[in-house]
Each structure stands twice: as C-alpha cells, then as structure tokens.
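The residues making up each chain are set out below.
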Amino acid sequence: MDHIDRKIMDILQQNARAPLKEIADRVFLSSPAVSARIARLEREGVLSGYQARIDAPKVGYTVKAFINLDMDPQRKPEFYPYIESCPHVVECNCVTGDYSMLIEVLFRTTQELDQFINHLQQFGRTHTQIVFSTPVEHRGVPLEPPGEAGT
C-alpha cells in the first residue's frame, strides 16, 4: 500500500460516492488505474464496504449512550449472539479496565434505553453515560504513512 492508495481511501472515507474521474484527478492517475487500485483494495479486504451515514436525531434517535458492562468472561458465548441481535446497538467492544464491554446505543427515548439496560443487566453490572453532544463525529481511519503517527 502506497501514498496513492492511502489518498484514494481517504477520499472514499469522505465520500464513498466520489466519481472515479474526480478521484483520478485528485491522485494524478487515470480513471482505469484508480478503478484497478480500488478493486485490489476491495479484494484484499482493506476496503470492506460502503455505507451511508445517517443523522440519527433526524430520524428520531435522540438518545445516544455508552454502556459499560462488567461481565464474567464465561458469559461471552451467550452474550455475543444476544448483543448482535439488538438493533439499537451501534457498536460493542470488548475492552480492558473495570468493565469488559463498551456498548454504543441509539434510542428514541430514555425509557427505551432504561428497558434495554434492564435486559442487559442479566449479564452483569452496568454503568451508563448519556451523550449531550458530539464535538468530533466519526471520521474514519487515519491514513498517515507508517511512522508519521501523531503528526
């Protein structure tokens, strides 16, 4: 992977619908060359998909929260299928620290969030933080060249 691949991926992270011609112009290659690079990145699994970003509050999801769950590791085989089946779970991460799971959720009301937490507590102790605002939105993977982290 070279700097041109990273630039192409950066462009696609900003706008996955960017036309090939526009990408080609920005990386100083032909459209067929850019297309071949994108196809290779997809084959290698580096580009794993394309999706639309939806403004959650505009479709009624005004409550965003992060739930920490302290769970016995033996419960993971039971927990993983459960959490995958929950449509309000945006992301679930197994983490280090005082809690074993960090779960990001979206709900329409705090009552719905409360009901979800009540169900979640079958797996262990929870600690919930409701988001007031998001000063930095999800912005994709940083694509600086190796050795340039933090610059």
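Our subject is the structure listed above.
The rules behind the values
- Every chain's residues receive numbers from 1 upward, in the order its sequence appears when written.
- Local features in a predicted model are, by the rule used here, given only for residues with pLDDT of at least 70; side-chain atom pairs are given and counted only at 80 or more, and totals for whole chains, interfaces and linings are based on all residues.
- In computing side-chain properties, one takes all heavy atoms of the structure into account and sets aside hydrogens as well as water.
- We count a stretch as a helix when DSSP gives it H or I for four or more residues in a row; a strand needs E for two or more, and each element gets its number in order from the N terminus.
- A simple rule labels every residue: compare its accessible area, found with a 1.4 Å probe on the protein chains alone, to the largest value its type can have, and call it buried under 20%, exposed over 50%, or partly exposed in between.
- Areas reported here follow the Shrake-Rupley algorithm with a probe of radius 1.4 Å; residue values treat only the protein chains shown as occluding.
- Neither His nor the chain termini are counted; the positive set is Lys and Arg, and the negative set is Asp and Glu.
- For charged residues, the charge sits on one atom: NZ in Lys, CZ in Arg, CG in Asp, CD in Glu.
- By this definition, two strands are paired if DSSP reports at least two bridges between them.
- What counts as an axis is a line fitted to C-alpha atoms, over the stretch in contact for a helix, and the angles between N-to-C directions run from 0 to 180 degrees.
- Roughly parallel covers angles under 35 degrees, roughly antiparallel covers those over 145, roughly perpendicular covers 65 to 115, and oblique covers all other angles.
- Any two residues whose heavy atoms approach within 4.5 Å at even a single point are treated as in contact.
- Under the grouping applied here, Gly and all other residues not named as nonpolar or charged are polar, the nonpolar ones being Ala, Val, Leu, Ile, Met, Phe, Trp, Tyr, Cys and Pro and the charged ones Asp, Glu, Lys and Arg.

A. Region of interest: the overall build of the protein chain. What the protein chain contains, in helices and strands, is five helices and four strands. N-terminal to C-terminal, the α/β element order of the protein chain is α-α-α-β-α-β-β-α-β. Put simply, the protein chain has 151 residues, and 26% of those count as buried. Carbon and sulfur atoms form 52% of the exposed surface of the protein chain, whose accessible area is close to 10,300 Å². Here the protein chain holds 16 positive side-chain charges and 20 negative ones, and the gap between their average locations is 6 Å.

B. Representation of the environment of E22 within the structure. With respect to the element layout, E22 can be found in helix α2 (residues 20–27). The exposure class assigned to E22 is partly exposed, which follows from its relative accessible area of 35%. Note: C-alpha distance between E22 and K7 (15 residues apart in sequence) is 12 Å.

C. Quick look at the pairing of strand β1 (residues 63–71). Bridge analysis of β1 against strand β3 (residues 101–107) gives seven bridges, and the strand direction is antiparallel. If you follow K64 over to β3, its bridge partner there is L106. Inspection of the sheet shows β1 paired to strand β4 (residues 124–130) by seven bridges, in the antiparallel sense. From the neighbouring strand, L69 faces β4, where its bridge partner is T126.

D. Looking closely at the packing of α2 against helix α3 (residues 31–43). Remark: α2 packs on α3, axes separated minimally by 8 Å, with the N-to-C direction vectors making an angle of 100°. Relative to α3, the element α2 is oriented roughly perpendicular. On the side of α2, the interface is formed by L20, K21, I23, A24 and V27, while α3 contributes S31, V34, S35 and I38. Split by residue class, the contact of α2 with α3 holds six nonpolar, two polar and one charged.

Fair warning: the whole summary comes from geometry, so function is off the table for now.
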